[in-house]
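# Fold and contact review
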Amino acid sequence: MRAPGAPMKRSWDIFCSVVDNYGDAGVCWRFARQLATELGQDVRLWVDDLATLQRILPVIDPDREAQCVSAVEIRRWSKDFAATEIADIVIEAFGVRLPEAYVAAMAKRRPQPAWINLEYLSAEHWVEGCHGLPSPHPVLPLTKYFYFPGFTPATGGLLIEDGLMHARAAYQEDVAAIPAFWRVQNIVPPDDGALRVSMFCYGHAPLASLVHAWATGDAPVACIAPEGVALAELSRIVGEPLAPGACVRRGQLAIHAAPFLALDAYDRLLWSCDINFVRGEDSFVRSQLAARPLVWHAYPQEGAAEFQKISAFLERYSPALEPAAQSSLAACFEAWNRGSGDMGEHWGALRGVWPALSEHAHSWALQLAAGGNLARNLADFCENRLK
Ligand code: TRH
């Protein structure tokens, strides 16, 4: 029996191509899992790079053609894609090109499937005008719809699991939870009283300037960095190898090397820190839902288009902040994304407006959670297309 308010059970095919990094796999997996476990949908997730999915979801066996995890059927999407039954709802994630034979079969299927291009997240205004627009196929009698995640009710919203806010608050209030997290994840526990900062960024971030400011600052900082480019760069800066589980100290700074965490453990890292440096799309959203201040490293784009995305986000995020906090945050994002050598000074300014930032992070998370969630919104949107 369907839960009250749950959408009708439909079959879904989600096609995910990993362009680079982890965001494509992270978003698709999160979305697929929510459809299957919370909305009772019958979901197949086609992924062309199972090794990347395995990094965030370690139970995956990258050598298997098909496997089931959290009620999602995960399938290898290989070049020689074999004919398969067409689902009721077909999602191409981030504009990925579907197999031609699959599209041809979609056109013949009766009733026709709902076909969605799930787009990247942006806070820019134009997104509201394009969200939900149809795009007729140039030859076949098929229509695809653009579906945009976003921060306003005129977009598809964000991926927010049921009960997430409650689980996060309970974790942050439980005095035993954070020490247990360090233990289980093999991370040297940060010193009591140190400001806890998680670090996930691209290679061009001005980390050296930040490391200098932290090491020579007047208060202890614990920087927790999962394995990856940030940890490699930190290791280069301090001139010491930083294997997961290691901790290196420089003045007021302690760098805690962490393993690359499974997706849900990474959420807990964000919940465990006082501020999170995040990047791309998925960690960016999760840090906001962690109700903690963030510094965002946007995915670099042609023509430096990421700076428009940063301004658009801050335009939505910042108005409730006092003017000094707004300008310090904007300057910090700008310096971080431009790779500026004066990032350390901007960090100092950010510390000056700390209480306002922390309080705002909390109310922003609640505001996002009150806005509904993308998985349910998209299921409703597709149901209307299938009627
Ligand atoms: O990895 P990213 O840089 O992904 C990017 C963006 O999605 C970008 O928009 C896209 O165009 C590009 O990929 C191709 O950053 P993002 O989006 O934050 O994704 C990282 C994922 O990795 C996220 O789901 C969280 C997860 N993660 C872990 O599971 N464990 C970890 O230890 C870390 C650091 C991240």
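Fair warning: this is a prediction, and the values are worked out from it, not measured in the lab.

This part covers the pairing of strand 2 (residues 42-47). Counting buried positions along strand 2 gives five out of six residues, so the element sits mostly inside the fold. Relative to strand 2, strand 1 (residues 11-16) runs parallel, the two being bridged by six bridges. Paired with C16 across the bridge in strand 2 is V47. Once the chain exits strand 1 it traverses helix 1 (residues 23-39) before rejoining the sheet at strand 2, and the crossover so formed is right-handed. As judged from the five bridges shared by strand 2 and strand 4 (residues 72-76), these two strands associate in the parallel manner. Residue L45 lies in a different strand from strand 4, and its bridge partner there is I74.

Throughout the structure, instances matching the rule amount to zero disulfides. With no disulfide of its own, C223 lies 8.7 Å from the sulfur of C201, the closest cysteine sulfur. No disulfide involves C247; its sulfur sits 10 Å from that of C223, the nearest cysteine. Assessed through its relative accessible area of 25%, C247 is described here as partly exposed.

With that out of the way, let us pick up the domain arrangement of the protein chain. Segmenting the protein chain into domains produces domain 1 (11-159 + 372-386) and domain 2 (164-369). Counting from both sides, the interface comprises 25 residues of domain 1 and, opposite them, 25 residues of domain 2. Buried surface at the junction of domain 1 and domain 2, summed over both partners, amounts to about 2,200 Å²; 54% is from carbon and sulfur atoms. Taken together, domain 1 and domain 2 are joined by two salt bridges. Ionic pairing is found between D264 and R33, a salt bridge with its closest N-O pair at 2.9 Å. Summed over the shared surface of domain 1 and domain 2, the number is nine residue pairs in polar contact (both at pLDDT 80 or more). Elements that contribute at least two residues to the side of domain 1 that touches domain 2 include exactly helix 1 and helix 2 (50-56). Element by element, the count of residues in the side of domain 1 that touches domain 2 is highest for helix 1, at five residues.

Cut-offs and rules
- Sequence order sets the numbering: in each chain, residues are counted from 1 along the sequence as written.
- Thresholds applied to this predicted model are a pLDDT of at least 70 for local features of residues and 80 or more for the giving and counting of side-chain atom pairs; totals over whole chains, interfaces and linings are not thresholded and use all residues.
- Side-chain calculation: all heavy atoms of the structure are included, whereas hydrogens and water are not.
- The cut-offs for exposure are 20% and 50% of the maximum accessible area for each residue type, with area from a 1.4 Å probe on protein chains only; residues under the lower value are buried, those over the upper are exposed, and the others partly exposed.
- Here a strand is any run of E in DSSP of at least two residues, a helix any run of H or I of at least four, and the numbering for each starts at the N terminus.
- Any two strands are treated as partners once DSSP identifies two or more bridges connecting them.
- Note on handedness: a clockwise path from strand one over the helix to strand two, with the strands aimed away from the viewer, defines a right-handed crossover.
- Only a pair of cysteine sulfur atoms within 2.5 Å counts as a disulfide in this structure description.
- Residue ranges assigned to each domain were obtained from an automatic or database domain assignment.
- Here, residues are in contact when the closest pair of their heavy atoms is within 4.5 Å.
- Each of two parts loses accessible area, computed with a 1.4 Å probe, when they are put together; buried area is these two losses added.
- The term salt bridge refers to a side-chain nitrogen of Lys or Arg lying within 4 Å of a carboxyl oxygen of Asp or Glu.
- Polar contacts, as counted here, are pairs of nitrogen or oxygen atoms within 3.5 Å of one another; within protein the pair requires one atom able to donate a hydrogen and one able to accept it, and residues that are adjacent in sequence qualify only if both atoms are side-chain atoms.

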